[in-house]
Amino acid sequence: MISQDDKEARSKTLKTVREEAEGCTRCDLYKNATQTVFGEGRRSARVVFVGEQPGDKEDIEGRPFVGPAGTLFDNILEEAGIDRKKTYVTNAVKHFKFEPRGKRRIHSKPNAGEIRACRWWLDQELTIIRPDVAVALGATAARALTGKQVPITRLRGSVVESAEGVPVLITVHPSYLLRIPNAAEKERERERFAKDMRKVKELMKG
Ligand code: SF4
């Protein structure tokens, strides 16, 4: 049965929700970040990719999945034959959480309360889009989508259900691939990620 909240969310557009999220104060992360970094893509997207949170560059540009990890992600999607027009990319947490260190801002992991607070926006994105599949890129995204802690290493490549019944494919975040120092291992992990993306393509119906 569709709840009243779902009915209201479905009657909204991504643009309206994005505008509402610009003024969000549901947790403290808005205080130090530059801006809300909302998801990007069309309502007709068949897959929703969920990352952890915006990074330094995303925070400044106001767009998700830019920078080196975003470029790598784009390349692997293309190799897997996934049409970017059929995708929507967003983050579990929509403000950049960091610790200042000199002039640098060092990424800091969102806690369970922040993930829960920001689920308000992710829920609305998923309700409006109603994708065939959502993809959890890393532990924070998996937690946001399923409402519980997910052992990524054990469940990587498998499909679980979100709290609302959307199939969720579990995998790593593309930034993880960039951090692997050993070239051979990096290549192996890149191929595993590409395999996960081919599985995503199979799960997309349209
Ligand atoms: S992180 Fe999410 S819940 Fe917290 S203030 Fe930003 S948009 Fe709101």
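Located above this text is the structure these notes cover.
Description of the structure in this document. (Residues numbered from 1 in each chain as written. Predicted model: local features only at pLDDT ≥ 70, side-chain atom pairs only at ≥ 80, totals over all residues. Heavy atoms only, no water.)

Details of the nonpolar core
Note the threshold: We define the nonpolar core as a collection of buried residues of types Ala, Val, Leu, Ile, Met, Phe, Trp, Tyr and Cys that are connected through side-chain atoms lying within 4.5 Å of one another. Only protein chains enter the accessibility calculation, which uses a 1.4 Å probe; a residue is then buried when its area is under 20% of its type maximum, exposed when over 50%, and partly exposed in between. Here a strand is any run of E in DSSP of at least two residues, a helix any run of H or I of at least four, and the numbering for each starts at the N terminus. In this description, contact between two residues means that some pair of their heavy atoms is separated by no more than 4.5 Å.
Within the largest apolar cluster, 51 residues are counted, with the highest numbers of intra-cluster contacts made by F49, F73, V135, L145, F193, M197 and V200. With 7 residues, helix α5 (residues 112-129) is the single largest residue contributor to this core. Sequence-distant contacts of F73, defined by excluding residues within four places in its chain, comprise F49, F65, V89, L137, P174, F193 and M197.

Observations regarding the pattern of salt bridges
Our working definition: The term salt bridge refers to a pairing of a side-chain nitrogen on Lys or Arg with a carboxyl oxygen on Asp or Glu at a separation within 4 Å.
Inspection of every chain in the model, using the stated rule, returns 21 salt bridges. Across the pair R101 and E99 runs a salt bridge, and its minimum N-O distance is 3.9 Å. On the basis of relative accessibility, which here comes to 51%, the residue R101 falls in the exposed class. Salt-bridge contacts for D123 lead to R119; the nearest nitrogen and oxygen are separated by 2.5 Å. On the criterion of helical spacing, the pair formed by D123 and R119 is a turn pair, its members being 4 residues apart in helix α5. Among the residues examined, D123 registers a relative accessible area of 26% and is labelled partly exposed. Bridged by salt links that share partners, the residues R156, E189, R192 and D196 form one connected network.

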